[in-house]
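One-letter residues, chain by chain:
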Amino acid sequence: MELPFIEPYKIKMVEPVYTSTRDQREKWISDARFNMFNLKSEQVTIDLLTDSGTGAMSDRQWSVLMLGDESYAGASSYYNLKNAVAEITGFKYFLPTHQGRAAENVLFSVLVREGDLVPGNSHFDTTKGHIEFRKAIPVDCTVDIASDFTKWDPFKGNVDLDKLEDVLKKNPREKIACIIVTITNNTAGGQPVSMANLRGIRGLADKYGVKFFLDSARFAENAWFIKTREEGYADKTIREIALEMFSYADGMTMSAKKDAIVNMGGFIGFRDDETFRNASTYNIIYEGFITYGGMSGRDMNALAQGLYEGTDYEFLSSRIGQTDYLGSKMKEYGIPVLEPFGGHAIFIDAKRFLPQIPDEEFPAQALCVEIYIEGGIRGTEIGTLMADRDPVTRENRFSGKELVRLAIPRRVYTDNHMDYVAAVVKNVFDRKDSIKKGLRIVSEAPILRHFTVEMERI
Ligand code: F0G
């Protein structure tokens, strides 16, 4: 008999899973003003709000914490991380930051000026936030097929090279701050970007003389998809693939809270020392000295170790396999989910789930609320709420995309937990016709409003 696939780790430490009654959850979500970020973690049974900083560290990561060197400058932990970054990404110059958005802040302080354009593939909300905060414009050049949630395509995270070239051709070179490509493309559903596409982007960057950076939060998952889906890569290791991916870029930002499996941390990688030196000044102002940048020595050690563990093929197969397991269960129940399934999350299509609720009533957020009430599962809205208002017209940006993201923390939940999640969503699906109204906003911040928004039921 063929032996089944098993997780390449076992569990040494556990923490409780909290249960609650429907009445309690009804009260809690109303007290939280229907904002998932306002719930206390004990009010949540299965927390799929994010896969960011929520992973379980390994015994090796915990052990290197004890070896952390807390010297202000030149700590051995810094050199451990520098070596790991060079080995895994190929970038010789790097700056540690406390998380991904801090890396964006430092890098964009060097590159982005008012009125600039930053083309890329569905910029993540903090990336978009940092660009728009500087009165620059993120230009989304994602392939059209990404907005068709049912069509199978191996690389729905790709940049449409024609759209990108159009932006580069029609605008003076000085107006293009840089190209930024997110791997995997979180906003488009955790979809990968192919090696051929990265090569094509490099070609355009060279042709038009612009810099090209990778937002690399889930680069290892992207490499796994290249290995399993792109011709010519099946026999290459994840690390070989990662090195090739990074070889096409001038640098990278990294939220290490994802694929480096740490609870906090990030960094920026650079190929040229000029950008590195310019960014170093901002790093010192915003983050800390260039050899710690917002991280403790122990955290840099854990991050260095996590870069190796996060690029292990067996680990990635079990991690992406679990996402596939949840997605397949939900599909079996007839629940409309984005396909193919992404690396880190399953995305439910709220427009097909709750077609009776118009976009003005935030159907994806309304569905998040129902899923929470049904079984204490916390997901997050990727839709009109997260899209913010247009900075110029202040109108809501209706993209027609209304998704509920169920993001799976790394090495935290078992497949039994995934069975529970699928059953909860199925129960909501069975009573979907009884959900008649959505939500309205009571108060909101001018930017990144979904984190603090207060809402009420219509
Ligand atoms: N880039 C991508 C693609 C991300 O997904 C995130 C964070 C960031 C940058 C910012 O990194 O949180 O370390 O400052 N994504 C989390 C999420 C918050 O839930 O998807 P950060």
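### Considering the domain arrangement of the protein
So, point 1. Domain parsing of the protein yields domain 1 (22–51 + 313–457) and domain 2 (59–310).
So, point 2. For the pair domain 1 and domain 2, the summed buried surface comes to about 2800 Å²; carbon and sulfur atoms form 59% of the total.
So, point 3. Contact with domain 2 buries area across many residues of domain 1, yet L316, P340 and R410 alone supply 20% of it, more than any other trio.
So, point 4. At the junction of domain 1 and domain 2, the tally comes to six salt bridges.
So, point 5. E132 serves as the salt-bridge partner of R397, at 3.2 Å between the closest nitrogen and oxygen.
So, point 6. Linking domain 1 to domain 2 there are 19 residue pairs in polar contact (both at pLDDT 80 or more).
So, point 7. Elements with a minimum of two residues in the side of domain 1 that touches domain 2: α12 (313–332), β9 (345–349) and β12 (403–407).
So, point 8. For the side of domain 1 that touches domain 2, the leading source of residues is α12, giving six residues.

### Some thoughts on the packing of aromatic side chains
So, point 1. Applying the stated criterion across every chain yields a total of 13 aromatic pairs.
So, point 2. Considering the side-chain rings of F219 and F246, the 5.3 Å spacing of their centres and the 55° angle between planes classify their relative orientation as tilted. One end of the pair, F219, is in helix α8 (residues 219–229); the other, F246, is in helix α9 (residues 238–247), and 27 residues separate them in sequence.
So, point 3. Residue F219 is classed as buried on the basis of its relative accessible area, which comes to 1%.
So, point 4. Judged by its relative accessible area of 0%, F246 falls in the buried class.
So, point 5. When the centroid spacing of 4.9 Å and the interplanar angle of 65° are considered together, the rings of F353 and F429 count as edge-to-face. In this pair, F353 sits in helix α13 (residues 350–353) while F429 sits in helix α15 (residues 415–430), placing the two residues 76 residues apart along the sequence.
So, point 6. Classification of F353 as buried rests on a relative accessible area of 0%.
So, point 7. Given the relative accessible area of 16%, F429 is considered buried.
So, point 8. The rings of Y78, Y79, F94 and F267 are connected pair by pair, giving a single aromatic cluster.
So, point 9. One cation-aromatic arrangement involves K227 over Y313; the distance from NZ or CZ to the ring centre is 5.1 Å.
So, point 10. Its guanidinium or amino end placed over the ring of F429, K432 lies 4.5 Å from that ring's centre, counting from NZ or CZ.

### Considering the site of the ligand
So, point 1. Around the ligand lies a shell of 16 residues, among which T50, R101, S255, K258 and R405 are the nearest.
So, point 2. Within the side chain of R101, one N or O atom sits 2.6 Å away from an oxygen atom of the ligand.
So, point 3. Take R218: an N or O atom from its side chain is 3.0 Å from an oxygen atom of the ligand.
So, point 4. Protein contacts shield 94% of the accessible area of the ligand, which totals 470 Å² for the unbound molecule.
So, point 5. When grouped by side-chain class, the residues that make up the shell around the ligand number one nonpolar, eight polar and seven charged.

### So, the side chain of T253
So, point 1. Within the fold, T253 resides in strand β7 (residues 251–255).
So, point 2. By relative accessible area, which is 2% here, T253 ends up buried.
So, point 3. In contact with T253, not counting residues within four places along its chain, are A103, E104, L107, L214, D215, S216, A217 and F267.

### Comments concerning the sheet that holds β12
Adjacent strands of a sheet pair through backbone hydrogen bonds, lying either parallel or antiparallel.
So, point 1. The strand order β9-β12-β11 describes an open sheet built from three strands, whose pairing is antiparallel. The open sheet has two edge strands with one neighbour each: β9 and β11 (380–382). The mean inter-strand angle of the sheet, taken between neighbouring strand axes irrespective of direction, is 35°.
So, point 2. When β9 meets β12, the two strands line up antiparallel, connected through five bridges. What sits directly across from F347, in β12, is R405.

Here is what the cut-offs are and how they apply
Residues numbered from 1 in each chain as written. Predicted model: local features only at pLDDT ≥ 70, side-chain atom pairs only at ≥ 80, totals over all residues. Heavy atoms only, no water. Domains from an automatic or database assignment. Buried area = accessible area lost by both parts, 1.4 Å probe. Salt bridge = Lys/Arg side-chain N within 4 Å of Asp/Glu carboxyl O. Polar contact = N/O pair within 3.5 Å; in protein donor to acceptor, adjacent residues only side chain to side chain. Helix = DSSP H or I, 4+ residues; strand = E, 2+ residues; numbered from the N terminus. Phe/Tyr/Trp six-rings, centres within 6.5 Å; stacked < 30°, edge-to-face > 60°. Buried < 20%, exposed > 50% of the residue type's maximum accessible area, 1.4 Å probe, protein only. Lys NZ or Arg CZ within 6 Å of the ring centre and 35° of its normal. Near = heavy atom within 4 Å. Areas by Shrake-Rupley, 256 points an atom, 1.4 Å probe, with all protein chains shown as cover. Nonpolar A, V, L, I, M, F, W, Y, C, P; charged D, E, K, R; others polar. Contact = heavy atoms within 4.5 Å. Pairing = 2+ DSSP bridges. Axes fitted to C-alpha atoms, helices over the stretch in contact; angles between N-to-C directions.

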